[in-house]
Amino acid sequence: METRRDHDPASSAEEKFAEYLALRGKRLSRAQRELVRYIFSYHDHFTATKLIDDIRAKGMKISRATVYRTLARLVDAGLLRTHRFEDQVAYEHQYGYPEHDHLYCRNCGKIVEFTAPQLAELREHVAREHRFRAQSHRFIITGLCESCALQQARRRKVDFI
Ligand SMILES: [Zn+2]
Ligand SMILES: [Zn+2]
């Protein structure tokens, strides 16, 4: 039972990660600490490639190998989770962030978050039917975002003229 509340998600994620590593006889390196702080300083979906570009742009000197290793450990520690959107794998915060689902635009790659309590109800209903104890679910709506759908409609109109 946790009683202490830390209002800074970056520092509590860092603490959790340090605990996770300590249980495995490892220590949080300076590069890893810097990376974890950066990842948890804002909430967004990101790919490993985008993260590497971003930290390079910020002048942080962290090797690709460290980035990939740290991401894998953060997922294992339950601090990050991965989503597969068609051909790209995106990471996002698992720790301290409410459960939600996603819409994914197949044209521009835009990811939109939404919450629908009906999905949790459906999950419980299906799980009960199969005598299953549900812990989580993944639900992704793929298609076209509004601007991509408009663009496509306009292109079609031009084709008809
Ligand atoms: Zn789009
Ligand atoms: Zn999300």
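Refer to the preceding data block for the structure.
Residues numbered from 1 in each chain as written. Chains lettered and ligands numbered in written order. Predicted model: local features only at pLDDT ≥ 70, side-chain atom pairs only at ≥ 80, totals over all residues.

K.L.:
What is the right way to look at the overall build of the protein in this model?
P.N.:
On a plain count of helices and strands, the protein comes out with six helices and five strands. Counting helices and strands in the order they occur from the N terminus, the protein gives α-α-α-α-β-β-β-β-α-β-α. Relative to the compact-globule value of 15 Å for 161 residues, the protein shows a C-alpha radius of gyration of 19 Å, a clear excess of over 25%. Buried residues in the protein amount to 11% of all 161 residues. (Helix = DSSP H or I, 4+ residues; strand = E, 2+ residues; numbered from the N terminus. Rg over C-alpha atoms; globule rule 2.2 N^0.38 Å. Buried ≥ 20, exposed ≤ 12 C-beta atoms within 10 Å, placed from the backbone.)

K.L.:
Even after reading the chapter, I still don't get helix H4 (residues 64-76), so can you show me in this structure?
P.N.:
Structurally, the α-helix is built with 3.6 residues per turn, so residues lying three or four positions apart point the same way. Between its first and last C-alpha, H4 extends 18 Å over 13 residues, near the 18 Å set by a 1.5 Å rise per residue. In the segment just after H4, Gly78 is the residue with positive phi, at about 80°. (Expected span 1.5 Å × (residues − 1).)

K.L.:
Teacher, can you tell me more about the packing of helix H3 (residues 48-57) against H4 here?
P.N.:
In helix packing, the relevant descriptors are the interaxial angle and the interaxial distance, both defined with respect to the helix axes. Interaxial distance between H3 and H4 falls to 11 Å at its minimum, and their mutual angle equals 130°. Taken together, the axes of H3 and H4 lie oblique to each other. Where H3 crosses over H4, the two elements pack in a sense that is right-handed. Where H3 approaches H4, its residues Ala48, Leu51 and Ile52 are matched on the opposing element by Arg64, Val67, Tyr68 and Leu71. Of the residues in the contact of H3 with H4, the class split is six nonpolar, no polar and one charged. (Axes fitted to C-alpha atoms, helices over the stretch in contact; angles between N-to-C directions. Parallel < 35°, antiparallel > 145°, perpendicular 65-115°, else oblique. Left-handed = near helix turned anticlockwise from the far one by under 90°. Contact = placed C-beta atoms within 7 Å. Nonpolar A, V, L, I, M, F, W, Y, C, P; charged D, E, K, R; others polar.)

K.L.:
What is the right way to look at the packing of helix H2 (residues 30-39) against H4 in this model?
P.N.:
Orientation of H2 relative to H4, taken along the N-to-C sense of each, is 65°, at an axis distance of 10 Å. Crossing hand, H2 versus H4: right-handed. Contacts between H2 and H4 involve Ala31, Gln32 and Leu35 on the former and, on the latter, Thr66, Val67 and Thr70. Partitioning the contact of H2 with H4 into residue classes produces three nonpolar, three polar and no charged.

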